[in-house]
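Analysis of the macromolecular model
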Amino acid sequence: MILKKDFNVNLAQFGIDIPLGERMDIILDHLTSNYSDNIYYPNDFQNLRLTKDDVLLAHTNIYVEELLGDNIDRIMRNCYELDLHGDKEPRLDFRPLRDLILREAYYTYQGMKLAIQHGFCYFLGGGMHHAMSFSGRGFCLINDIVIGAKKLMREHLIKKVWVIDVDAHKGDGTSEICYQDSNFFTLSIHMQYAWPLCGKNPGDPEMIPSNIDIPVGLNEERNYLAKLSAGLNKLEKEGLPKPELAIVVDGADPYEEDELPGTSGLKLTKTQMLARDQMIYRFLQSNHIPMLFVMGGGYGKKAGQIYIQFLDWLLKQRSCE
Ligand SMILES: [Zn+2]
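Now for a quick tour of the structure. (Residues numbered from 1 in each chain as written. Predicted model: local features only at pLDDT ≥ 70, side-chain atom pairs only at ≥ 80, totals over all residues.)

1. Considering the overall build of the protein
Applied cut-off: Helix numbers and strand numbers start at the N terminus; a helix is a DSSP run of H or I with at least 4 residues, a strand a run of E with at least 2. Two things to know: the radius of gyration comes from C-alpha atoms, and the globule rule equals 2.2 Å times the number of residues to the power 0.38. Any residue with 12 or fewer other C-beta atoms within 10 Å of its own C-beta is exposed, any with 20 or more is buried, and the rest are partly exposed; the C-beta atoms used are placed from the backbone.
Across its full length, the protein holds 10 helices and 7 strands. For 321 residues, the compact-globule estimate of 2.2 N^0.38 gives 20 Å, and the protein sits close to it at 18 Å. Each of the three principal axes of the protein carries a C-alpha extent, and together these read 55 × 45 × 40 Å. For the protein, the proportion of its 321 residues judged to be buried stands at 44%.

The structure is reproduced here in structure tokens:
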């Protein structure tokens, strides 16, 4: 089951220059030309978005007050690194962008519900894993992963969640928010010597450990799949209670052709990327754990191909199950 948004987030319109938009056009073109419309879940929750109470499930009161207020220039510029890029454009009204992100995060939550009902859902969006309890950052305004899961816990639909984060960057916001929350178990496999970890001290929020962290050093690509497999086996063998849901942050940015300069510390081939995704899917499937995949990072035109190859395989796979 594939869930797609009924809107586009056009970052360029807000002066944000991140090569994140093209992948969606490529994926939707491919799916439209190769499959009938019924591969998508019918979208019956237009105009719904997260409420303040929902956002407070993962974020501090101070941050949420500012985020939902009218003066959000500072936090939006910080989150999308506008000042860091020397952008001195006149003030833009970022509130429409904020509202779209709140709607996107609502879809992540809906994707989780669909995953619980149907065993599997791929949401074409989401994965804002850098948002910390006290701040948005790294192009992630709010942590849709934690908010959605905690909302489902509040509704007594689930008790335990695993977050399996295979984006090139560490899921540092998720680990910071979920640290010491025994309802979450987090695994992150990521570049060892890159943002957000580079130059940080052990006490910095970025360094708060996931339950399982798997750093991948430079030129260690050949060990990547074995390291991931060992991490997944740990989930199985550590005597953890089985969760009612697993969320996979399925970033395409470990791909060797990714266009964001900050992802050059990990260069997996297209074949390795498919093997990665298949490994996670099979692992969760064999453990009978419902799963939601969200997209995470993945930059430039070629990122689309990484999602497409997995979606093609999945759609074939699931039609045979
Ligand atoms: Zn990333």
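2. Topic: the nonpolar core
Where we set the bar: The nonpolar core criterion groups buried Ala, Val, Leu, Ile, Met, Phe, Trp, Tyr and Cys residues into a set whenever they are joined through C-beta atoms within 7 Å. Two residues qualify as being in contact provided that their C-beta atoms, derived from the backbone, are within 7 Å of each other.
Of all hydrophobic cores here, the largest spans 83 residues; its most connected members are Phe-123, Ile-247 and Leu-292. Apart from residues no more than four positions distant in its own chain, Leu-292 is found in contact with Gly-111, Met-112, Ala-115, Cys-121, Phe-123, Leu-245 and Ile-247.

3. So, the environment of Lys-242
Positionally, Lys-242 belongs in the loop between α8 (224–237) and β6 (245–249). Taking the C-alpha atoms as reference points, Lys-242 and Lys-159, 83 residues apart in sequence, are found 9.9 Å from one another. Residue contacts for Lys-242: discarding those within four places in its chain leaves Asn-287 and Ile-289.

4. Some words on the sheet that holds β6
Keep this limit in mind: Two strands form a pair only when DSSP identifies at least two bridges running between them.
In space, the 7 strands of this open sheet follow the order β1-β2-β7-β6-β3-β4-β5, with parallel pairing throughout. Of all strands in the sheet, those with a lone pairing partner are β1 (2–3) and β5 (212–216), marking the two edges. The pairing of strand β4 (residues 184–191) with β5 spans 5 bridges and is parallel. In the sheet register, His-190 faces β5, and the bridge partner there is Pro-215.

5. A word on helix α5 (residues 95–118)
For clarity, the cut-off: Take the number of residues in a helix, subtract one, and multiply by 1.5 Å to get its expected span.
Here α5 contains 24 residues, and its C-alpha end-to-end distance of 35 Å stays within 8% of the 34 Å for a straight helix at 1.5 Å per residue. Phi for Gly-119, located one or two positions after α5, is positive at around 90 degrees.

6. Some thoughts on the packing of α5 against helix α6 (residues 144–154)
Put simply, the rule reads: Comment: axis = line fitted to C-alpha atoms, over the contacting stretch for helices; angle = value between 0 and 180 degrees taken between N-to-C directions. Angles below 35 degrees are treated as roughly parallel, those above 145 as roughly antiparallel, those between 65 and 115 as roughly perpendicular, and all remaining angles as oblique. Each crossing is labelled by how the near helix is turned from the far one, with a counterclockwise turn of less than a right angle marking it left-handed and a clockwise turn marking it right-handed. For this classification, the nonpolar set comprises Ala, Val, Leu, Ile, Met, Phe, Trp, Tyr, Cys and Pro, the charged set comprises Asp, Glu, Lys and Arg, and every other residue, Gly included, is treated as polar.
Look at α5 against α6: their axes get within 9 Å of each other, and the N-to-C directions meet at 50 degrees. One element, α5, and the other, α6, form an angle in the oblique class. When you trace α5 past α6, the crossing you get is right-handed. In contact with Glu-104, Ala-105, Thr-108, Tyr-109 and Met-112 of α5, α6 contributes Asp-144, Ile-145, Ile-147, Gly-148, Ala-149, Lys-151 and Leu-152. Grouping the constituent residues of the contact of α5 with α6 by class yields 7 nonpolar, 2 polar and 3 charged.

7. Overview of the pairing of β4
Note the following rule: With its strands directed away from the observer, a crossover is right-handed exactly when the path from the first strand over the helix to the second travels clockwise.
Of all 8 residues in β4, 8 are buried; the element is thus mostly enclosed. Sheet topology places strand β3 (residues 161–165) next to β4; 5 bridges connect them, and they run parallel. Each bridged residue has a counterpart across the sheet, and for Trp-162 the counterpart in β4 is Phe-185. For the crossover from β3 across helix α7 (residues 172–178) to β4, the handedness is right-handed.

Honestly, that's just the spatial picture; any functional story needs more than this.
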